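Structure assessment
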Number of protein chains: 2
Amino acid sequence: MTIKQLGEFGLIERFRSKTKTDLSVIKGSGDDCAVLKLDKSNYQLFTCDMLIEGVDFTLKDSPYLVGRKAIAISISDIASCSGKPRYCVISLGLPKNTKLGFLDKLFKGMSDISREYKVNIVGGDLSGNNRVVIDVSMLGIVERKCLTLRNGAKPGDIIFVTGSFGGSISGKHLKFTPRLKEARNLARGFKINAMIDVSDGLTQDLSHILKQSKVGAVIYENLIPQSKEAVSLNDALNSGEEFELLFAASRPQAKKLLKNPDYKPIGEIMKIDYGFKLVSSNGREINIRPKGFTHF
Amino acid sequence: MTIKQLGEFGLIERFRSKTKTDLSVIKGSGDDCAVLKLDKSNYQLFTCDMLIEGVDFTLKDSPYLVGRKAIAISISDIASCSGKPRYCVISLGLPKNTKLGFLDKLFKGMSDISREYKVNIVGGDLSGNNRVVIDVSMLGIVERKCLTLRNGAKPGDIIFVTGSFGGSISGKHLKFTPRLKEARNLARGFKINAMIDVSDGLTQDLSHILKQSKVGAVIYENLIPQSKEAVSLNDALNSGEEFELLFAASRPQAKKLLKNPDYKPIGEIMKIDYGFKLVSSNGREINIRPKGFTHF
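What you see is a predicted model; the values in this text were computed from it and never measured.

Moving on, we get to the packing of helix α3 (residues 63–80) of chain A against helix α4 (residues 100–116) of chain A. All names here are of chain A. Where α3 meets α4, the closest approach of the two axes is 7 Å, and the angle between their N-to-C directions is 40°. In terms of axis orientation, α3 runs oblique to α4. Of the two possible hands of crossing, α3 and α4 adopt the one that is right-handed. Contacts from P63, Y64, L65, V66, G67, R68, A70, I71 and A72 in α3 reach F102, K105, L106, F107, K108, G109, M110, D112, I113 and S114 in α4. Looking at the contact of α3 with α4 residue by residue, the class counts come to 12 nonpolar, three polar and four charged.

Right under this line is the structure:
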């Protein structure tokens, strides 16, 4: 059996089921960040993301934007747990004939966004490789009472997103803005039951929340904010690397959230028996089978 | 200009000089671990290491030992700062046709050594790639008063090592024991001025201490513990991935250290003007130009 047959999420589940952690680990594998005890009021967040030439970017892309993206992805993971990013280390695999100019631009992209989001680059590792590989690990901090995971959505909750969806492949995936400001506003002013960032695709990532919260959901075609690059509804529903926030909050919280145009309602959390459905613009209920990006 | 022309250490220096960090960062790039403020008595340690198929291991190696090594390297980095490892995240790049059996063994290697050294595996990231790439980021903790960096060696200090050197390529590099027990014994019972783990080679890594401490050194051929796999003195001096501890302590401390056979004296820290010399078994002083493994 190869890993392609088991699939990315099957593999993650396989590893997770074999991993034991001690009591200082609030949440291990299976969310956007690991959550670790830090002090009386705060948890520490820990996450990693690997970018590979030919998979996540090409050498035709701007090295500045590739570097920026490598850091931005981890900031987005910290944001989806409602935390603030603090520190990162960077492992780089590089071909020997890599031009110094390429690397300088890559590093400038990393360092500019790190400064903008107050992330300290504190270390790294360099290796020779036949392709450019970038792995960023990031630490963040979140107030205990603000932590948001994937598993807290409840039937009746309203589902919200930031931004708009579709066509990230045409460039947004390299230029996206990690929704840290929006996430921190949520953390400070509202009670959010579950949150994730859209990296695999809107339906795929919502299905992660549904699975871990043991609930169902309905979303409305007319409410899905489509970007002008979106080529179809399906594109908006399945486009990966959008890096928008997707979250669920109770109805009383939702009432307050609706006053801020940054947060757009797209549907409702249902009981698990309901399943996962889309109501099309002509009122038809369609079962959703989550699609989106998987690595294997 | 390519990165090969600048070299691995030139590149690291180039990045380091461009990186600004805030006051919570006690030590950023340029040591075995980054050192971060944690609480009144402790610092947090943060390190990452990337292993690449064809560079650090081959598919003919035991996947169990490759997994073990990926974790052991980071434990060794934490040990060289005198800390205790706590948490890690693992990024994996994998070819689509990777056999599940390979991955299960790789993961078993990781998980067995993690359990042995009380490291919690708390997350990861999976990516498709044409080669197996493993990047481990690890967090540790160290009592403030026990922290050892590369920059504290003083003229007159005695230089010590653990274990023996040479021939790691013949298998030790996959089976080494991270010297955590020895490092923690040092932390608890002695005042150590500088420490590093031998990953690039004994002379190369000692030269890192010398450069950062702004000192010179003399080492004695007769005192270098050579492993039975060592093919020559040069091999013992330059063999990479030995993962033994190399450290410097004052003479009064050295007197106490000599009572423990785990710690073997190999020479003495000198003033910077002295340079870096080896006294051969016939008494000749030879200038050392550090050699060892570099990636570019």
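Let us keep going from here.
On to the sheet that holds strand β12 (residues 276–279) of chain A. All names here are of chain A. On the basis of which strands lie adjacent, the open sheet formed by seven strands has the order β8-β10-β7-β11-β9-β12-β13 and mixed pairing. Only two strands of the sheet have a single partner each, and these edge strands are β8 (194–197) and β13 (285–287). Neighbour to neighbour, the strand axes of the sheet diverge by 25° on average, direction disregarded. Here four bridges tie strand β7 (residues 158–161) to strand β11 (residues 264–270), and the two strands are oriented antiparallel to one another. Across the sheet, V161 pairs through a bridge with K264, a residue of β11. Taken strand by strand, α3 contacts β8 and β10 (245–249), and its axis lies near 175° from that of β8.

Residue and element names in this part refer to chain B. Strand order in the open sheet formed by seven strands is β8-β10-β7-β11-β9-β12-β13, and the pairing between neighbours is mixed. The two strands at the open ends of the sheet, each matched to only one other strand, are β8 (194–197) and β13 (285–287). Strand after strand, the sheet turns through a mean of 25° between neighbouring axes, direction not considered. Summarising the sheet, strand β12 (residues 276–279) and β13 pair through three bridges and their orientation is antiparallel. The residue of β13 that forms the bridge with V279 is E285. On the sheet, helix α7 (residues 202–213) packs against β8, β9 (216–220), β10 (245–249) and β12 and is oriented at approximately 145° with respect to β8.

Let's shift gears to the relation of the copies chain A and chain B. For the pair chain A and chain B, the superposition axis carries a translation of 0.0 Å, the fit reaches an RMSD of 0.0 Å, and the rotation angle comes to 180°. The transformation just described matches what one would write down for a two-fold rotation axis.

So, about the interface of chain A and chain B. With 54 residues of chain A at the interface, the matching set in chain B holds 54 residues. For the side of chain A that touches chain B, the secondary-structure elements that each account for two or more residues are α1 (3–6), α2 (8–18), β2 (34–37), β3 (42–52), β4 (84–94), α4, β5 (120–128) and β6 (133–143) of chain A. For the side of chain A that touches chain B, the leading source of residues is β5 of chain A, giving nine residues. Taken together, the residues of the side of chain A that touches chain B break down into 26 nonpolar, 19 polar and nine charged.

Right, let's talk about the pairing of strand β5 (residues 120–128) of chain B for a bit. All names here are of chain B. Of all nine residues in β5, eight are buried, a share of seventy percent or more. Across eight bridges, strand β4 (residues 84–94) lies against β5 in parallel orientation. By the bridge assignment, G93 is partnered in β5 with S127. In this fold, the crossover linking β4 to β5 by way of helix α4 (residues 100–116) has right-handed handedness.

This part covers the pairing of β11 of chain A. Bridge count for strand β9 (residues 216–220) of chain A against β11 of chain A is four bridges, and the pairing is antiparallel. Among the inter-strand pairings, A217 of chain A is bridged to a residue of β11 of chain A, identified as I269 of chain A.

Right, let's talk about α3 of chain A for a bit. Residue and element names in this part refer to chain A. Its 18 residues place the ends of α3 26 Å apart at the C-alpha level, agreeing with the 26 Å of an ideal helix rising 1.5 Å per residue. Extensive coverage of α3 is indicated by the burial of 16 of its 18 residues. Backbone geometry just after α3 places S82 at a positive phi near 70°.

A few words on the domain arrangement of chain A. Residues and elements named next belong to chain A. Domain boundaries in chain A define domain 1 (31–145) and domain 2 (148–287). Inter-centroid distance (C-alpha atoms) of domain 1 to domain 2 is 24 Å. If you look at the interface, domain 1 gives 15 residues, while domain 2 gives 19 residues. The element that contributes the greatest number of residues to the side of domain 1 that touches domain 2 is α3, accounting for eight residues. Residue composition of the side of domain 1 that touches domain 2, grouped by class: six nonpolar, three polar and six charged.

Time to look at unusual backbone geometry. Positive phi is not limited to glycine here, since K214 of chain A has a value of about 55°. Within the secondary structure, K214 of chain A is located in the loop between α7 (202–213) and β9. Here the phi dihedral of E241 of chain B falls at roughly 55°; this positive angle occurs in a residue that is not glycine. With respect to the element layout, E241 of chain B can be found in the loop between α8 (233–238) and β10. According to the C-beta neighbour criterion, E241 of chain B is buried, with 21 such atoms within 10 Å.

Core analysis: the biggest nonpolar cluster contains 180 residues, and F46 of chain A together with F46 of chain B have the highest contact counts within it. Here F46 of chain A is in contact with C33, A34, L36 and L139 of chain A together with Y87, V89, V122, G123 and L139 of chain B, once residues within four sequence places are set aside.

The rules behind the values
- Residues numbered from 1 in each chain as written.
- Chains lettered and ligands numbered in written order.
- Predicted model: local features only at pLDDT ≥ 70, side-chain atom pairs only at ≥ 80, totals over all residues.
- Axes fitted to C-alpha atoms, helices over the stretch in contact; angles between N-to-C directions.
- Helix = DSSP H or I, 4+ residues; strand = E, 2+ residues; numbered from the N terminus.
- Parallel < 35°, antiparallel > 145°, perpendicular 65-115°, else oblique.
- Left-handed = near helix turned anticlockwise from the far one by under 90°.
- Contact = placed C-beta atoms within 7 Å.
- Nonpolar A, V, L, I, M, F, W, Y, C, P; charged D, E, K, R; others polar.
- Pairing = 2+ DSSP bridges.
- Least-squares fit on C-alpha atoms with pLDDT ≥ 70 in both.
- Buried ≥ 20, exposed ≤ 12 C-beta atoms within 10 Å, placed from the backbone.
- Right-handed = clockwise from strand over helix to strand, strands pointing away.
- Expected span 1.5 Å × (residues − 1).
- Domains from an automatic or database assignment.
- Core = buried A, V, L, I, M, F, W, Y, C linked by C-beta atoms within 7 Å.

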